[in-house]
Amino acid sequence: MPHISSAFIPAAAHATYLCRIAAYTAVAIALGWFSYFIWSKEWDLAVSLIILAFVTLPCWVMAMRGLFFRSLLIAQITCLLFVGFFCYRYDVSNQLFQRSTHLYIPTIALVGYISYQQTKSKFQIFIILISLVLFILFSSNVHFLSMDNSTVRHFQMVSSWINPLLSTLLFVGVIVAMHTDFSKRKKSVKAIQNALYNDQFILLYQPVVNLKGRVTGAEALIRWNHPSSGLISPVTFIPDAQQAGMMPMIGEWVIAQAFNDLLRWQENAETRHLTVSINITTDHFMQPDFVRKLLQQAQVKNIPCRQVRLELTESVFISEPHIVAAKMDELAAAGFTFALDDFGTGFSALSTLRKLPLNQIKIDRSFVTGASTNTKGVVIARNIARMGTELGLEVVAEGIETPYQWSIMKEYGCTVFQGFLFSRPVSVADFILFVSSHSHHDTEYSASGYLSHR
Ligand code: C2E
Ligand code: MG
Ligand code: MG
């Protein structure tokens, strides 16, 4: 099987790259000014830059740990506070020079806008608005934003022409980068559309097993079989497809394909009883005609709906829970069952979950890993599993990689399991082979994969 490639560059990765360049440029400008302040012996200004460097240090650490957009938000606030303080305390318009440090503020707001495109946050909008208000106030030289307007500072000789030049270059740079980002986004969406029309998507199946290790079904997992890059993981392309509103279309393809494969399983005595789990994104589920189309397709193809499990994530319950409940009820009446995927990563209120026709919760892999590595993880995993069983639901442990993880998740009350210990996601043909080779015996598994039959 070809390896998972990263040649397709998702838009989020590109936006991160742009913001990183903006951050490095800001550091370069700050270093330039620091050298100048040292050279001109303006010690108070040099010290203020050292303080800024120390305050932004945690942002770099956060960015390295993957919390890129949160660290960017903190860096924006810090820079805004610094520019504001600098404009108030040192860079005050006087009889010789106009204030110029505030000219960097529009760039801070623009970087905020790029960040907002990736992670929508009301707080980011607030910061952008504050930035714009500050820019207007500092430009208009209102009295209360200047500490003292009689002292002419030495650095103003240089800053009065260097700051307009650098801030304009920086601003133009960010605009050009935004334009490039827009074209990249269009390209990636076009590539995903092509993939759909040229049949480049495939479905793999990962076996789902019971307490004895016997296969009870499989989860359908999409891959993009890119002509030059090999298999591309859904975590790489789904965010772009989602942003472009293409997930309902891709989801329909997944459902049609999974239905066809389920019909193929019906032809074989060993696979006839198996359940197929299909991941459904929130925007797809919330389409007004989702239920109608699904029921129609199931009827036309004569699908045994009881063997179809729809996997939803907690995000689906956040807005319009009544509509979600009504849709789930209608599908449940037709026989479809429901699993709540990645349970524990969201904030589902138990009271909401109780009212829904859910059959399964799937404990996210991160909790399974946590349970086998630290005591805090044990408590969390045990409590999540207990919560599920107390709600009367079947509890699935995802991402089981070792016999030890399997045994502890059994101990916590999980009855269904999925993970590399049993099998990685495989093609439909390999899945059928896997089932027939495991259907006549109880199976032992080792960390290196399937071990022996008994
Ligand atoms: P998910 O639904 O939680 O699927 C489980 C993911 O965990 C799969 O990643 C699977 O390959 C991986 N996994 C299973 N066992 C193990 C293990 O033991 N160790 C490790 N390291 N990983 C394991 P995959 O296939 O890359 O899918 C990632 C996510 O993409 C899925 O998470 C699901 O949210 C989404 N996805 C995949 N296929 C589809 C699809 O057809 N439609 C939609 N809407 N989303 C999909
Ligand atoms: Mg899933
Ligand atoms: Mg999951």
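Bear in mind that the values here come from a model prediction, so they are computed numbers and not experimental data. (Residues numbered from 1 in each chain as written. Chains lettered and ligands numbered in written order. Predicted model: local features only at pLDDT ≥ 70, side-chain atom pairs only at ≥ 80, totals over all residues.)

*Asks:* Please provide a residue-by-residue account of the overall build of the protein chain, values included.
*Replies:* Looking only at helices and strands, the protein chain features 16 helices and 11 strands. Taking 2.2 N^0.38 as the reference for a compact globule, 454 residues should give roughly 22 Å; the C-alpha atoms of the protein chain span a radius of gyration of 28 Å, well beyond that estimate. Dimensions of the protein chain, computed from the C-alpha atoms along their principal axes, are close to 90 × 45 × 45 Å. Per-residue burial for the protein chain yields a buried fraction of 33% across its 454 residues. Across the protein chain, the fraction of contacts at a sequence separation of at least 24, relative to all contacts at a separation of at least 6, is 66%. (Helix = DSSP H or I, 4+ residues; strand = E, 2+ residues; numbered from the N terminus. Rg over C-alpha atoms; globule rule 2.2 N^0.38 Å. Buried ≥ 20, exposed ≤ 12 C-beta atoms within 10 Å, placed from the backbone. Contact = placed C-beta atoms within 7 Å.)

*Asks:* Describe the site of ligand 1, and please don't skip the residues or the numbers.
*Replies:* Around ligand 1 there are 25 residues in total, and Leu221, Ile222, Asn279, Gly419 and Phe420 lie nearest to it. Mapped by element, the contributors of at least two residues to the shell around ligand 1 are β2 (215-226), α7 (234-243), α8 (247-266) and β6 (337-343). Split by residue class, the shell around ligand 1 holds 11 nonpolar, eight polar and six charged. (Near = placed C-beta within 6 Å. Nonpolar A, V, L, I, M, F, W, Y, C, P; charged D, E, K, R; others polar.)

*Asks:* How would you summarise unusual backbone geometry if you had to cite specific residues and measurements?
*Replies:* Phi at Lys41 takes a positive value of approximately 55°, unusual for a residue other than glycine. Following the sequence through the fold, Lys41 ends up in the loop between α1 (11-39) and α2 (43-64). Non-glycine residue Asp342 carries a positive phi angle of around 50°. Residue placement: Asp342 occurs in strand β6.

*Asks:* Any details on the domain arrangement of the protein chain? Residues and values, ideally.
*Replies:* Structurally, the protein chain comprises domain 1 (6-186) and domain 2 (199-453). The C-alpha-based centres of domain 1 and domain 2 are spaced at 45 Å. (Domains from an automatic or database assignment.)

*Asks:* Could you give me a rundown of the packing of helix α4 (residues 105-118) against helix α6 (residues 156-197), with the residues and numbers involved?
*Replies:* Viewed as axis vectors pointing N to C, α4 and α6 meet at an angle of 15°, and their least axial separation amounts to 9 Å. The orientation of α4 with respect to α6, classified from their angle, is roughly parallel. Of the two possible hands of crossing, α4 and α6 adopt the one that is left-handed. Here Pro106, Thr107, Leu110, Val111 and Ile114 of α4 lie close against α6, whose contacting residues are Ser167, Leu170, Phe171, Val174 and Met178. (Axes fitted to C-alpha atoms, helices over the stretch in contact; angles between N-to-C directions. Parallel < 35°, antiparallel > 145°, perpendicular 65-115°, else oblique. Left-handed = near helix turned anticlockwise from the far one by under 90°.)

*Asks:* Could you give an account of the packing of α6 against α7, naming the residues involved and the relevant values?
*Replies:* At a minimum axis separation of 10 Å, α6 and α7 run at an interaxial angle of 105°. For the element pair α6 / α7, the angle class is roughly perpendicular. Together, Ser188, Val189 and Ile192 of α6 and Phe237, Asp240 and Ala241 of α7 make up the contact between the two elements. Of the residues belonging to the contact of α6 with α7, the class tally is four nonpolar, one polar and one charged.

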